[in-house]
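Observations on chain architecture
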Amino acid sequence: MRQNPSFTLADVAEIRRVIDANPWTTIVSNGPDGLVSSHYVALLDDDRDDLTIVGHVGRPDDLIHGMGERELLVVFQGPHGYISPGWYGDVQAVPTWNYTAVHLAGVPEILTDEENLAVLDRLVDRFEGRMADPRGMWARPNDPAFVSRLAAGTVGFRLTPTRVVAKRKLSQNKPVETVDTVIAELEGDGPYAQRELAAEMRRAQQARAGGTR
């Protein structure tokens, strides 16, 4: 992802927020047969306060990606959406796409079986916790033998990135009045309404007003 000073996201707390809110990732590596990508959930490592993440892949994706041996690129995609040139008013303009994204790269550490099981347990709890009647990984009718078989088909990893590129392209290079109009359109009921993207734009607008990124 090409970086642009106007759109750089450098605040670690904000990057962590984006990762936490958008855990569905694209994992990319370059192996003997060329580029390969997979899609998995990854979470911030709750034992760290940096950008270290934990997750898992199913076998044999660990071999396809050379897990633990080669560099991985893990992409987190935040809210994104189409921005019409008509929202800019009576000026020369073309369409664009606003988005927030975080790229983490590094060689992952392979988790032990116990660590992997703990991550899987946490993943289930993270998403089941929103259900009216949460069903944890160990809840019946699951039994320990079933959970063990399930975990054996996965490989857990921890990635402490050696390269980070985070970007939020959210019309920061436009006048405040134009940004307000774009946000209003995204919060409306038109074909390209996207309230989550509008909320991200408000955060970026507030950060710019405060002199931070």
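Below is a summary of the structure that appears in this document. (Residues numbered from 1 in each chain as written. Predicted model: local features only at pLDDT ≥ 70, side-chain atom pairs only at ≥ 80, totals over all residues. Heavy atoms only, no water.)

So, the overall build of the protein
Selection rule: The way it works is that DSSP assigns letters per residue, a run of H or I at least four long becomes a helix, a run of E at least two long becomes a strand, and they are numbered from the N terminus. Partly exposed residues are those whose accessible area sits between 20% and 50% of the maximum for their type, while under 20% is buried and over 50% is exposed, using a 1.4 Å probe and protein chains only. Contacts are residue-level and defined by heavy atoms, with any inter-residue pair within 4.5 Å sufficient. For every accessible area listed, the method is Shrake-Rupley and the probe measures 1.4 Å; residues are considered covered only by the protein chains on display. Counting rule for charge: Lys and Arg are taken as positive, Asp and Glu as negative, and neither His nor the chain ends is counted. For this purpose, a charge sits on NZ of Lys, CZ of Arg, CG of Asp or CD of Glu.
Looking only at helices and strands, the protein has 6 helices and 8 strands in total. When the helices and strands of the protein are placed in sequence order, the string is α-β-β-β-α-β-β-β-α-α-β-β-α-α. Overall, the C-alpha framework of the protein stretches about 65 × 45 × 30 Å when taken along its three principal axes. The buried share among the 213 residues of the protein stands at 42%. Across the protein, the fraction of contacts at a sequence separation of at least 24, relative to all contacts at a separation of at least 6, is 70%. With an accessible surface of roughly 11,800 Å², the protein has 52% of that area assigned to carbon and sulfur atoms. Between the averaged position of the 23 positive side-chain charges in the protein and that of its 30 negative side-chain charges there is a distance of 5 Å.

A short note on the pattern of salt bridges
Put simply, the test is: Any carboxyl oxygen of Asp or Glu that lies within 4 Å of a side-chain nitrogen of Lys or Arg is treated as forming a salt bridge with it.
Considering all chains together, one arrives at 13 salt bridges under this definition. As a salt-bridge pair, Arg158 and Glu109 come within 3.1 Å of each other at their nearest N and O atoms. Here Arg158 is found in strand S7 (residues 154-159), whereas its partner Glu109 is found in strand S6 (residues 109-110), with 49 residues between them in sequence. Classification of Glu109 by relative accessible area gives partly exposed; the value is 38%.

Overview of the nonpolar core
The cut-off we apply is this: By nonpolar core we mean a set of buried residues, namely Ala, Val, Leu, Ile, Met, Phe, Trp, Tyr and Cys, connected to one another through side-chain atoms within 4.5 Å.
By size, the foremost hydrophobic cluster in this structure holds 21 residues, and its most contacted members are Ile19, Ile53, Phe76, Val102 and Leu104. One finds Ile83, Trp87, Val179 and Ala198 within the second-largest nonpolar core, a separate group that totals 12 residues.

Quick word on the sheet that holds strand S3 (residues 53-58)
Heads up, the condition is: In short, DSSP must find at least two bridges between two strands for them to pair. As a rule, the C-alpha atoms of each element are fitted with a line to give its axis, helices using only the stretch in contact, and angles between N-to-C directions run from 0 to 180 degrees.
Taking strand neighbours across the sheet as the criterion, the 8 strands line up as S6-S7-S3-S2-S1-S4-S5-S8 in an open arrangement whose pairing is antiparallel. Across the chains shown, the open sheet's two edge strands, defined by having one partner strand only, are S6 and strand S8 (163-169). Where helix H1 (residues 12-21) meets the sheet, it contacts strand S2 (34-44), S3, strand S4 (72-83), strand S5 (96-106) and S8, and its direction lies at approximately 100° from that of S5.

Section: the packing of aromatic side chains
To be explicit about the condition: A pair of Phe, Tyr and Trp rings is counted when the ring centres sit within 6.5 Å of each other, with Trp represented by its six-membered ring. The angle between the planes then sorts it: under 30 degrees is stacked, over 60 is edge-to-face, the rest tilted. We call a charge positioned above a ring when the Lys NZ or Arg CZ atom is no farther than 6 Å from the ring centre and deviates by at most 35 degrees from the ring normal.
A complete count under the given rule lists 2 aromatic pairs for this structure. Measuring from ring centre to ring centre gives 6.1 Å for Tyr82 and Trp97, while their planes differ by 70°; the resulting arrangement is edge-to-face. Taken together, the residues Tyr82 in strand S4 and Trp97 in strand S5 connect sequence positions 15 residues apart. By relative accessible area, Tyr82 is classed as partly exposed at 22%. Between Tyr82 and Tyr192 the ring centres are 4.5 Å apart and the planes differ by 45°, which places this aromatic pair in the tilted class. Placement of the pair is Tyr82 in strand S4 and Tyr192 in the loop between helix H5 (176-186) and helix H6 (195-209), with a sequence separation of 110 residues. Counting every residue linked through ring pairs, the aromatic cluster contains Tyr82, Trp97 and Tyr192. A cation over a ring is seen here: Lys174 above Tyr88, with NZ or CZ 4.6 Å from the ring centre.

Remarks on the pairing of S4
Each regular strand displays side chains that alternate between the two surfaces of the sheet. Taken together, the 4 bridges between strand S1 (residues 24-31) and S4 define a ladder with antiparallel strand orientation. When the sheet's bridge partners are listed, Thr26 is paired in S4 with Val75. Where S4 and S5 come together, 10 bridges link them in antiparallel fashion. Across the sheet, the residue bridging to Gln77 is Ala101, located in S5.

What about H6?
In plain terms, the rule: To estimate the expected span of a helix, subtract one from its residue number and multiply by 1.5 Å. Any pair of nitrogen or oxygen atoms within 3.5 Å is treated as a polar contact; in protein, a donor-acceptor pairing is required on top of that, and neighbouring residues in sequence qualify only through side-chain atoms on both sides.
Between its terminal C-alpha atoms H6 stretches 21 Å, which fits the 21 Å expected from 15 residues at 1.5 Å a residue. Three or more residues of H6 are buried, namely Leu197, Ala198, Glu200, Met201, Ala204, Gln205 and Ala207. Structurally, H6 contributes buried residues whose contacts are with H1, S4, S5, S8 and H5. Of the residues flanking the start of H6, the one acting as N-cap is Gln194, its side-chain oxygen 3.0 Å from the backbone nitrogen of Glu196.

Comments concerning unusual backbone geometry
Geometrically, the link from Arg59 to Pro60 is a cis peptide bond, its omega value of 10° lying close to zero. Residue position: Pro60 is located in the loop between S3 and helix H2 (61-64). Even without a glycine there, the phi angle at Ser171 is positive, about 65°. Mapped onto the elements of the fold, Ser171 is located in the loop between S8 and H5.

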